[in-house]
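# Summary of the model geometry
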Amino acid sequence: MSVLEVWFDGDCPLCRREIAVMRRLDRRGAIVFTDAASGQGSCPLDRADLLARFHAREDGTMFSGAAAFAAMWRAIPVLRPLGLAARNRIVLAVLERLYRVFLRVRPALVRRLRR
């Protein structure tokens, strides 16, 4: 089984909710979830970079954005087909474009969740 670590922004209510769902789906415990905002754990990149985009490391290879989500999906059996589909460069390009749109609206979503 491959080793997968994901870094997320624990100060972001949207991110916390999403990671809570992923933790519930990760019944095999295949993913190590690291809160990059807490300052705990090792940071393979600058902490600001880890907080700006979603990152994952799968078997020593770092992924960012949609590719990081795809790596996480591959580790969760129910989401694995999505993660495998994202190995196709066209599918991954579409997912990355959607992720970049999400990054632009994320601050507004976070503000709404904090109310």
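Look above for the structure.
Notes on the structure in this doc start here. (Residues numbered from 1 in each chain as written. Predicted model: local features only at pLDDT ≥ 70, side-chain atom pairs only at ≥ 80, totals over all residues. Heavy atoms only, no water.)

So, on to the sheet that holds strand E1 (residues 4–8). With mixed pairing, four strands are arranged side by side in an open sheet as E2-E1-E3-E4. This sheet does not close on itself; its edge strands, each paired only once, are strand E2 (31–35) and strand E4 (61–64). Each adjacent strand pair in this sheet contributes to an overall mean axis angle of 20 degrees, direction not counted. Direction of pairing for strand E3 (residues 55–58) relative to E4: antiparallel, over a ladder of four bridges. Across the sheet, residue Glu-58 finds its bridge partner in E4, namely Thr-61. (Pairing = 2+ DSSP bridges. Helix = DSSP H or I, 4+ residues; strand = E, 2+ residues; numbered from the N terminus. Axes fitted to C-alpha atoms, helices over the stretch in contact; angles between N-to-C directions.)

Attention now goes to the packing of aromatic side chains. One pass over the structure, following the stated rule, counts four aromatic pairs. Where Phe-54 meets Phe-69, the ring centres are 4.1 Å apart and the plane angle is 25 degrees; that geometry is what we call stacked. One end of the pair, Phe-54, is in the loop between helix H2 (47–52) and E3; the other, Phe-69, is in helix H3 (residues 66–75), with 15 residues separating them in the sequence. Each member of the pair, Phe-54 as well as Phe-69, is classed as buried. These aromatic residues form a ring-pair network of at least three members: Phe-54, Phe-69, Trp-73, Tyr-99 and Phe-102. (Phe/Tyr/Trp six-rings, centres within 6.5 Å; stacked < 30°, edge-to-face > 60°. Buried < 20%, exposed > 50% of the residue type's maximum accessible area, 1.4 Å probe, protein only.)

With that settled, consider the pattern of salt bridges. Under the definition given, this model contains five salt bridges. Of the charged contacts in the structure, one is a salt bridge between Arg-53 and Glu-96, with a shortest N-O distance of 2.8 Å. Of this pair, Arg-53 sits in the loop between H2 and E3 while Glu-96 sits in helix H5 (residues 89–114), and the two are 43 residues apart along the sequence. The exposure class assigned to Glu-96 is buried, which follows from its relative accessible area of 14%. The residue Glu-96 makes a salt bridge to Arg-100 at a minimum N-O spacing of 3.1 Å. Remark: Arg-100 and Glu-96 occur in helix H5; sequence separation between them is four residues, near one turn of the helix. (Salt bridge = Lys/Arg side-chain N within 4 Å of Asp/Glu carboxyl O.)

The residue Leu-14 is located in helix H1 (residues 13–25) in this model. A residue is classified by how much of its surface remains accessible, and Leu-14, at 22% relative accessible area, is partly exposed. Sequence separation between Leu-14 and Arg-106 is 92 residues, and the spatial gap between their C-alpha atoms is 8.4 Å. Each residue touching Leu-14, except ones within four places of it in the same chain, is listed here: Phe-102, Leu-109, Val-110 and Leu-113. (Contact = heavy atoms within 4.5 Å.)

On to H3. With respect to burial, H3 is a largely interior element, 10 of its 10 residues being buried. All of the buried residues in H3 are Ala-66, Ala-67, Ala-68, Phe-69, Ala-70, Ala-71, Met-72, Trp-73, Arg-74 and Ala-75.

The next point concerns unusual backbone geometry. Positive phi is not limited to glycine here, since Asp-59 has a value of about 50 degrees. Its location among the elements puts Asp-59 in the loop between E3 and E4. Owing to a relative accessible area of 53%, Asp-59 belongs among the exposed residues under this scheme.

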